[in-house]
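Okay, here's what each chain looks like letter by letter:
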Amino acid sequence: MVNVIWVSLFFIGFIFAAINGTMTEVNEAIFSGAKEAVVICIGLISVLTFWLGMMRIAELAGILKIVSKWLHPVVSRIFPDIPQGHPAQGYIVSNMSANMFGLGNAATPMGIKAMKELKKLNHDKDEASRSMVTLLAINTASLTLIPTTVIALRIEYGSVAPAEIVVTTILATACSTIGAVLIDRFFYYRRLKKGT
């Protein structure tokens, strides 16, 4: 459905530009946007490579295990439906850890693996389970301690102090994560009351 929406917007834009006689501006915007996208991607590759390398070092040094142990009680309380020691817990902890370091691209594969494990726990039903909804809410809000991608973009565009957003990012993502968990719990308990 989303693909249909994007293609429709694309064609509507072209038709509108053709009617208004602004195809030249559209062509210029397409090529300048493509050029800028390549420049941004190359800039992000270096920063993401650095931080993924740091994550690998942290993993080999045992820091990620410490973070996992720290997050494990939190994950157990947020996801009470997941049995202790289930692979989904490990993937969820890895996903949350990567998001904390602002590595959304690295967090995505772990989130997908966690969802697959949660679907198995849900007996492969097409309807999302409580844990799947909670994971989606937390992953979308994602508490971030070091917004590496945003810092990389700020460096790319010549920011004088690219890391000055760290404190506000922590506050904003902490509020969004707490809000996501509270809303998730509100609707879960509301559905339970309606069911009984």
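Structural data are supplied above this passage.
Residues numbered from 1 in each chain as written. Predicted model: local features only at pLDDT ≥ 70, side-chain atom pairs only at ≥ 80, totals over all residues. Heavy atoms only, no water.

(A) Up close: the overall build of the protein. Each helix and strand in the protein was counted, giving eight helices and zero strands. Each helix and strand of the protein, ordered N terminal to C terminal, gives the series α-α-α-α-α-α-α-α. In terms of overall size, the protein is more extended than a compact globule, its C-alpha atoms giving a radius of gyration of 21 Å where 196 residues would be expected to give roughly 16 Å. For the C-alpha atoms alone, the extent of the protein along its principal axes is close to 60 × 45 × 30 Å. When contacts within the protein are restricted to residue pairs at least 6 apart in sequence, those whose partners lie at least 24 apart make up 62%. Side-chain charges in the protein split into 17 positive and 12 negative, and the spacing between the mean points of these groups amounts to 13 Å. (Helix = DSSP H or I, 4+ residues; strand = E, 2+ residues; numbered from the N terminus. Rg over C-alpha atoms; globule rule 2.2 N^0.38 Å. Contact = heavy atoms within 4.5 Å. Lys, Arg positive; Asp, Glu negative; His and termini not counted. Charge placed at Lys NZ, Arg CZ, Asp CG, Glu CD.)

(B) Up close: the packing of aromatic side chains. Across all of its chains, the model carries four aromatic pairs by this definition. Just above the ring of tyrosine 188 sits the side chain of arginine 130; from NZ or CZ to the centre is 3.9 Å. (Phe/Tyr/Trp six-rings, centres within 6.5 Å; stacked < 30°, edge-to-face > 60°. Lys NZ or Arg CZ within 6 Å of the ring centre and 35° of its normal.)

(C) Structural detail: the environment of lysine 65. One can find lysine 65 in helix α3 (residues 63–78). Judged by relative accessible area, which is 61%, lysine 65 ranks as exposed. Put simply, lysine 65 and valine 93 are 28 residues apart on the chain and 9.8 Å apart in space, counted from C-alpha to C-alpha. (Buried < 20%, exposed > 50% of the residue type's maximum accessible area, 1.4 Å probe, protein only.)

(D) Structural view of the layout of surface pockets. Taken as a whole, the second largest pocket holds about 270 Å³ of empty space. Taken together, 16 residues make up the lining of the second largest pocket; nearest its centre are Met96, Met100, Ile138, Leu143 and Thr177. Those elements giving two or more residues to the lining of the second largest pocket turn out to be α3, α4 (87–100), α6 (130–141) and α8 (166–195). Its residues placed into classes, the lining of the second largest pocket shows eleven nonpolar, five polar and no charged. (1 Å grid on protein atoms, 1.4 Å probe; cavity = no way out; pocket = protein on both sides within 12 Å on 5 of 7 lines; lining within 4 Å. Points joined across faces, edges and corners; volume = space filled by probe spheres on them. Nonpolar A, V, L, I, M, F, W, Y, C, P; charged D, E, K, R; others polar.)

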